[in-house]
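Each chain, letter by letter, is given below.
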Amino acid sequence: MPVPPIVLDSVTTFLALADSELPVSIEGLYLEGSVALDDFQPDASDIDFVAVTSEPLDAEATAALAAIHARLRQLRKRPFFDGIYLTWGDLAAGADAAVCGPVSLEGVLRVNAAAGKGNPVTWQTLADHGVVLRGPAIGDFDLRTDPAVLAARQNANLDEYWTVGLDRADRLFSARGAGLLADYGTVWTVTGIARLHHTIATGGITSKSGAAEYIARAFPDRWHRVAAEALRLRRGNSARSLYRNRPARRRDVLEFGRMAVADAHRIYAELSADSG
């Protein structure tokens, strides 16, 4: 698919810096996330990448890479150039077995706190939608995905992240509670939970916009307004809100979130029982 010019500009700059300053080679560079899922929004999206190095990054290479990311952030503050560094062996091993290298978060290189445990969403997105900017085509190298691991990790994330977040957001006079009054909180919560529901139910990966559209297909009419509102906000539509006020929208976001988490757990339990 066509790569947005702002994305291509950042990638080209990064590769030029890496090729001249990094002591190991970037043998593959692939885009995932919103670009790969055809949902890139210049004012809201990051550039999500998977970089494949010729060998694992030692301290010297990691320091050089951190300097490259710092330089890139000076030149291109947004969108953030965010991703993970892997080897071909990591991709072949799969998310649970990979020894993941450092990650870039908001354009800053950090040691991967979850080293040895990659995100199966990254592997699945790369397999199904990855955009090749350097290296062999998807399908021409060993890339191990595991539907069971993907579904289990998404199911666990529903409680470890989203249920915890909903519980905190239920208190209006809290940072999370106030955050749900904001446009960003609506998009993040509605589409975030719907994306996990979609993956558990279908085995596939969808974007934020795709998740809002999925709600309209997979859920009763009761939830279509909050989905349409999230989609309106995600796409920067300047039309009037579908809600009379923000507190009313916030209630729907919370109620949808709790319902969708419970329904996703139900689907996961049924699928697990069938496969067992």
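Residues numbered from 1 in each chain as written. Predicted model: local features only at pLDDT ≥ 70, side-chain atom pairs only at ≥ 80, totals over all residues. Heavy atoms only, no water.

(A) Examining the packing of helix α1 (residues 5-21) against helix α3 (residues 59-75) more closely. Taken N-terminus to C-terminus, the directions of α1 and α3 make an angle of 145°; their axes are 10 Å apart at the nearest point. Crossing hand, α1 versus α3: right-handed. Note on element contacts: α3 touches α1 through A64, L65, I68, H69, R71, L72 and L75, opposite S10, T13, F14, L17, A18 and E21. (Axes fitted to C-alpha atoms, helices over the stretch in contact; angles between N-to-C directions. Helix = DSSP H or I, 4+ residues; strand = E, 2+ residues; numbered from the N terminus. Left-handed = near helix turned anticlockwise from the far one by under 90°. Contact = heavy atoms within 4.5 Å.)

(B) Up close: the side chain of E32. Within the fold, E32 resides in the loop between β1 (26-31) and α2 (33-36). No salt bridge is formed by the buried E32; the nearest opposite charge belongs to R195, separated by 7.3 Å. (Buried < 20%, exposed > 50% of the residue type's maximum accessible area, 1.4 Å probe, protein only. Lys, Arg positive; Asp, Glu negative; His and termini not counted. Salt bridge = Lys/Arg side-chain N within 4 Å of Asp/Glu carboxyl O.)

(C) Fine view of the environment of R251. Note on placement: R251 falls in helix α11 (residues 246-275). For the pair R251 and D170, spaced 81 residues apart in sequence, the C-alpha separation works out to 9.0 Å.

(D) Inspection of the sheet that holds β1 at higher detail. The sheet built from 6 strands is open, its strands ordered β5-β4-β3-β2-β1-β6 with mixed pairing. In this open sheet, the two edge strands, each paired with only one partner strand, are β5 (108-110) and β6 (131-134). Averaged over all adjacent pairs, the angle separating strand axes in this sheet is 25°, with direction ignored. Judged from the 6 bridges that link them, strand β2 (residues 47-53) and strand β3 (residues 81-86) form a sheet pairing that is parallel. Note that in β3 the partner of F49 across the bridge is G83. Lying on the sheet, α1 is in contact with β1, β2, β3 and β6; it crosses β1 at an angle near 165°. Strands β2, β3, β4 (103-105) and β5 of the sheet are contacted by α3, whose axis makes an angle of about 155° with β5. (Pairing = 2+ DSSP bridges.)

(E) Representation of the packing of aromatic side chains in the model. Counting across every chain of the model gives 13 aromatic pairs. Ring centres 6.0 Å apart and planes at 40° place the aromatic pair W162 and W188 in the tilted group. Remark: W188 occurs in helix α8 (residues 183-202) and W162 occurs in helix α6 (residues 147-169); sequence separation between them is 26 residues. Overall, W162 belongs to the buried group, its relative accessible area being 8%. W188 gets classed as partly exposed once you look at its relative accessible area, which sits at 33%. Sitting over the face of the ring of Y243, R225 holds its NZ or CZ atom 3.9 Å from the ring centroid. (Phe/Tyr/Trp six-rings, centres within 6.5 Å; stacked < 30°, edge-to-face > 60°. Lys NZ or Arg CZ within 6 Å of the ring centre and 35° of its normal.)

Interpretation in functional terms is not warranted from these geometric data alone.
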